[in-house]
Amino acid sequence: MMDDFFRQTLLYDFYGELLTSHQKEIYEQFVLEDLSLGEIAKDAGISRQGVHDLIRRCDKTLQGYEDKLHLVSRFLAVKEKIHDINEILDREAESAGDVVKLKADIRKISDEILEEL
């Protein structure tokens, strides 16, 4: 499972534009700029608890979009398959049979990618 920071940044990258401008500003300060709740609260003129609640709501909202659309999970699956293709391409083929197998392995992975899109 991915760590919280990585999950938050991916969700924000994919769905952040669906947040309000105020939500985006606060969420960016917390997740991307790594400001504390106190720093954000002082800057925004709200309580630390208000910042905390807003960040929680944003997390829940972003995760809700992912639960419905699955863009992040598809992205990660395709990224992993591309990594697999690169590993296959790095293998050395010692015979014509090996070349055929490498091509078949790459074709299988590329077909899986197309199915996911």
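Residues numbered from 1 in each chain as written. Predicted model: local features only at pLDDT ≥ 70, side-chain atom pairs only at ≥ 80, totals over all residues. Heavy atoms only, no water.

Caption draft 1: Representation of the side chain of R7. Within the secondary structure, R7 is located in helix α1 (residues 4-15). R7 gets classed as buried once you look at its relative accessible area, which sits at 18%. Within the structure, R7 has its side chain in polar contact with the side chain of D4 (distance 3.0 Å). (Helix = DSSP H or I, 4+ residues; strand = E, 2+ residues; numbered from the N terminus. Buried < 20%, exposed > 50% of the residue type's maximum accessible area, 1.4 Å probe, protein only. Polar contact = N/O pair within 3.5 Å; in protein donor to acceptor, adjacent residues only side chain to side chain.)

Caption draft 2: Representation of the packing of aromatic side chains in the model. On inspection of all chains with the given rule, the structure shows four aromatic pairs. With 5.9 Å between their ring centres and 35 degrees between their planes, Y15 and Y65 make a pair best called tilted. Within this pair, whereas Y15 is found in helix α1, its partner Y65 is found in helix α4 (residues 48-69), the two being separated by 50 residues in sequence. (Phe/Tyr/Trp six-rings, centres within 6.5 Å; stacked < 30°, edge-to-face > 60°.)

Caption draft 3: The arrangement of the nonpolar core in detail. In terms of nonpolar packing, the biggest core is built from 17 residues, with I26, Y27, V51, I55 and L62 touching the most fellow members. Listing elements by their share of this core, those giving two or more residues are α1, α2 (21-32), α3 (37-44) and α4. Top element by residues in this core is α4. It accounts for five residues. The residues touching I55, leaving out its near neighbours within four places in the chain, are I26, Y27, F30 and L37. Membership of the second largest hydrophobic core comes to six residues, among which are V78, I85, I88 and I109. (Core = buried A, V, L, I, M, F, W, Y, C linked by side-chain atoms within 4.5 Å. Contact = heavy atoms within 4.5 Å.)

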